[in-house]
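Close look at the chain arrangement
As a plain string of letters, each chain reads:
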Amino acid sequence: MTDGTSLAAPVIEVRNAGIRYRRNKRGRRSFKDLFGGETRRLRPDEFWALKQVDFTVRPGEAIGVVGRNGQGKSTLLKLVAEVVMPDEGVVSVRGGVAPLIEITGGFVDDLTVRENVYLTAGLHGMTRREIDARFDEIIDFAELGDFLETPYKHLSSGMRVRLAFSVISRLEEPILLVDEVLAVGDRGFREKCYARIEELLAGGRTLFFVSHSERDLRRFCTRGLYLERGRLVLDGPIEDVLERYAADTAT
Amino acid sequence: MTSAAVSAPLRERGPDRGRYWRVLWLLATRDLKVRYSTSSLGYLWSILDPLLMSVIYWFVFTQVIQRSVGEEPYIVFLLSALLPWMWFNGAVGDSTRAFLREAKLVRSTKIPRTIWVLRLVVSKGIEFLFSLPVIAAFAVFSGATVNADLALLPVAILLQAVLTTGIGLIVAPLVVFFRDLERAVKLALRFVFYASPIVYSTRNLPEGWHQLAAFNPLSGLFSLYRSAFFAAELDWYLVGVAAAISVALLGIGLLVFRRSERAVLKEI
């Protein structure tokens, strides 16, 4: 964003990070797998989903992650969200994260919309008082004012996404992670979500955005990370990264 | 929409110690809320199960066969171990699915992972506390008297929380890798029910078995619970062994959990 941001201390630091997964999920298990810890050795049925990934993010930056399917984009997002741990290297994230990943995961079918808002916002670290103060905002944004006492299971899938986005995007966290969740929902609401993300960006939040849509990437991001087979092959201005991506996929 | 709508961004937050306990409480009470909002009997279900079990054992051991174990009144004797057993059984049994049931949440939030086990111990523990009036009612009804050892109740509850958490921390991550363990645990729990002094007392065991029973931490635990009504049941040797084993299990549990966390997160 502005030049001033590049001087601040990084909020995300990924140092030579790598993570490996099993190729065959149904393979035989041993106790060695379980307690293997940080061995660098690769067993025959494993592959590196990410390897030697190295970058830092400063506060206020808006970063788009680009790459074809299965090249490690979502895994990178999970590493930054700290919901998985690297097998080698270091991922350090200063400040909390508002993850728009599997956003409907925390909601409980049998509880009402009101109860679910308090539950999910609480799980992401908000106190009761903070939620009280934001509650109307959250409901207004989700356009669910008439459904406060409706059990979550009776909401349509569009309503569910609206509620989830509304809650997570109201979290007071300095880093916003967005996976391709916004593909759902009608066009009107998607535009509203995008406006909200821009608002947060203008407010100084850091954005980490995974998408296949060039338009969206250009709209939000200034810097791009291009992943190929788990390696970070290009880290630069979003235009350059998209250009390279387009060139690679054309052939 | 203006940027003013972005309220208080970048609030500086130090390490938020209160957050762990807040989230733990939220998750523990969520289970109870769901249970009570979806069933019309609600609270009754928490006590119906132990109640029915007690009636069955009472019938078998006092009406059908001549009982030579336990103390009078037998129903109070039974409940004073059966209710804590329900807590233990519920928490350990549920810990086999601690991660699997909440996979979506585990995958999308950075909550300290021990919470997924601890919340089961807490929510089953709350149910246990809710069921205490049942035993109080039976005590009044059958004329049992409490003694000063009732003051040991918090100690017993703490000991049980330590023990159950330790076992849960071992079981929960292992089940993710060895699904068979889920059934094995259920089976083991059924065995442990009879191997623990619930329908009988360790004092009823033949000579020689007493030493063996000490290695079951539930022996010491239930002796603590029972001492409130039956002073003779209190056996500090059993309690000491139970405490030592519980603390050791918690240590092992934390170790297993830390070491396997990385692999568990990848798997679910």
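Presented here is an overview of the structure given in this document. (Residues numbered from 1 in each chain as written. Chains lettered and ligands numbered in written order. Predicted model: local features only at pLDDT ≥ 70, side-chain atom pairs only at ≥ 80, totals over all residues.)

**Considerations on the overall build of chain B**
Counted only if it meets this: Counting from the N terminus, the helices are DSSP H or I runs at least four residues long and the strands are E runs at least two residues long. The burial criterion counts other C-beta atoms lying within 10 Å of a residue's C-beta, which is placed from the backbone; the residue is buried at 20 or more, exposed at 12 or fewer, and partly exposed between these limits. A pair of residues counts as a contact when their C-beta atoms, built from backbone coordinates, are separated by no more than 7 Å.
Counting its secondary structure elements, chain B contains ten helices and zero strands. Along its sequence from the N terminus, chain B presents helices and strands in the succession α-α-α-α-α-α-α-α-α-α. In terms of overall dimensions, chain B has a C-alpha envelope of 80 × 40 × 35 Å along the principal axes. The buried share among the 268 residues of chain B stands at 41%. Considering only intrachain contacts with a sequence separation of at least 6, the fraction spanning at least 24 residues in chain B is 79%.

**A look at the nonpolar core**
When a protein is soluble and globular, its nonpolar side chains tend to lie buried together. Under the convention used in this document: By definition, a nonpolar core groups buried Ala, Val, Leu, Ile, Met, Phe, Trp, Tyr and Cys residues that are joined through C-beta atoms within 7 Å.
Formed by 137 residues in total, the largest nonpolar core has its most connected members in V80(A), L177(A) and F209(A). For this core, the element with the most residues is helix 3 (residues 74-95) of chain B, which contributes 14 residues. Here L177(A) is in contact with L77(A), V80(A), A81(A), V97(A), A98(A), P99(A), L100(A), I101(A) and F208(A), once residues within four sequence places are set aside.

**Looking at the environment of G18(A)**
Residue and element names in this part refer to chain A. Note on placement: G18 falls in strand 1 (residues 12-22). Between the alpha carbons of G18 and A49 there is a distance of 7.4 Å; along the sequence they are 31 residues apart. Leaving out residues up to four positions away in the same chain, G18 has contacts with W48, L50, K51, Q52, P86, D87, E88 and G89.

**Some thoughts on the packing of helix 2 (residues 43-64) of chain B against helix 5 (residues 115-142) of chain B**
All names here are of chain B. Cut-off, in case you're wondering: Where helices are involved, their axes are fitted lines through C-alpha atoms of the stretch in contact, as for all axes, and angles between N-to-C directions lie from 0 to 180°. Just so you know how the angles are binned, under 35 degrees is roughly parallel, over 145 roughly antiparallel, 65 to 115 roughly perpendicular, and the rest oblique. Handedness of a crossing is defined here by the sense of rotation of the near helix relative to the far one, left-handed for an anticlockwise turn of less than a right angle and right-handed for a clockwise turn. Each residue is assigned to one class: nonpolar for Ala, Val, Leu, Ile, Met, Phe, Trp, Tyr, Cys and Pro, charged for Asp, Glu, Lys and Arg, and polar for all the others, Gly among them.
Packing of helix 2 against helix 5 leaves a shortest axis separation of 9 Å and a crossing angle of 65°. Accordingly, the angle class assigned to the pair helix 2 and helix 5 is roughly perpendicular. For the element pair helix 2 and helix 5, the recorded crossing hand is right-handed. Contacts between helix 2 and helix 5 involve Y43, S46, I47, P50 and L51 from the first element and E127, F130, S131 and V134 from the second. Residues belonging to the contact of helix 2 with helix 5 are distributed by class as follows: six nonpolar, two polar and one charged.

**Comments concerning the environment of I197(A)**
Residues and elements named next belong to chain A. Tracing the backbone through its elements, the reader meets I197 in helix 6 (residues 187-202). As for I197 and A247, which are separated by 50 residues in sequence, their C-alpha atoms are 29 Å apart. Apart from the residues lying within four places of it in its own chain, the contact partners of I197 are V178, L207 and F220.

**As for the sheet that holds strand 3 (residues 62-66) of chain A**
Residues and elements named next belong to chain A. Note the cut-off: Two strands qualify as a pair provided DSSP detects at least 2 bridges between them.
Spatial ordering of the open sheet is given by 5-6-7-3-8-9, a layout of six strands whose pairing is mixed. Strands with a single pairing partner mark the edges of an open sheet, and in this sheet they are strand 5 (97-100) and strand 9 (231-237). Each strand of the sheet is rotated relative to its neighbour by a mean of 15°, with strand direction disregarded. Here four bridges tie strand 3 to strand 8 (residues 223-228), and the two strands are oriented parallel to one another. Looking across to strand 8, one finds that I63 is bridged to R223.

**Quick notes on the environment of C193(A)**
Along the chain, the position of C193(A) falls in helix 6. Residues C193(A) and F141(A) lie 52 residues apart in sequence; the distance between their C-alpha atoms is 9.2 Å.

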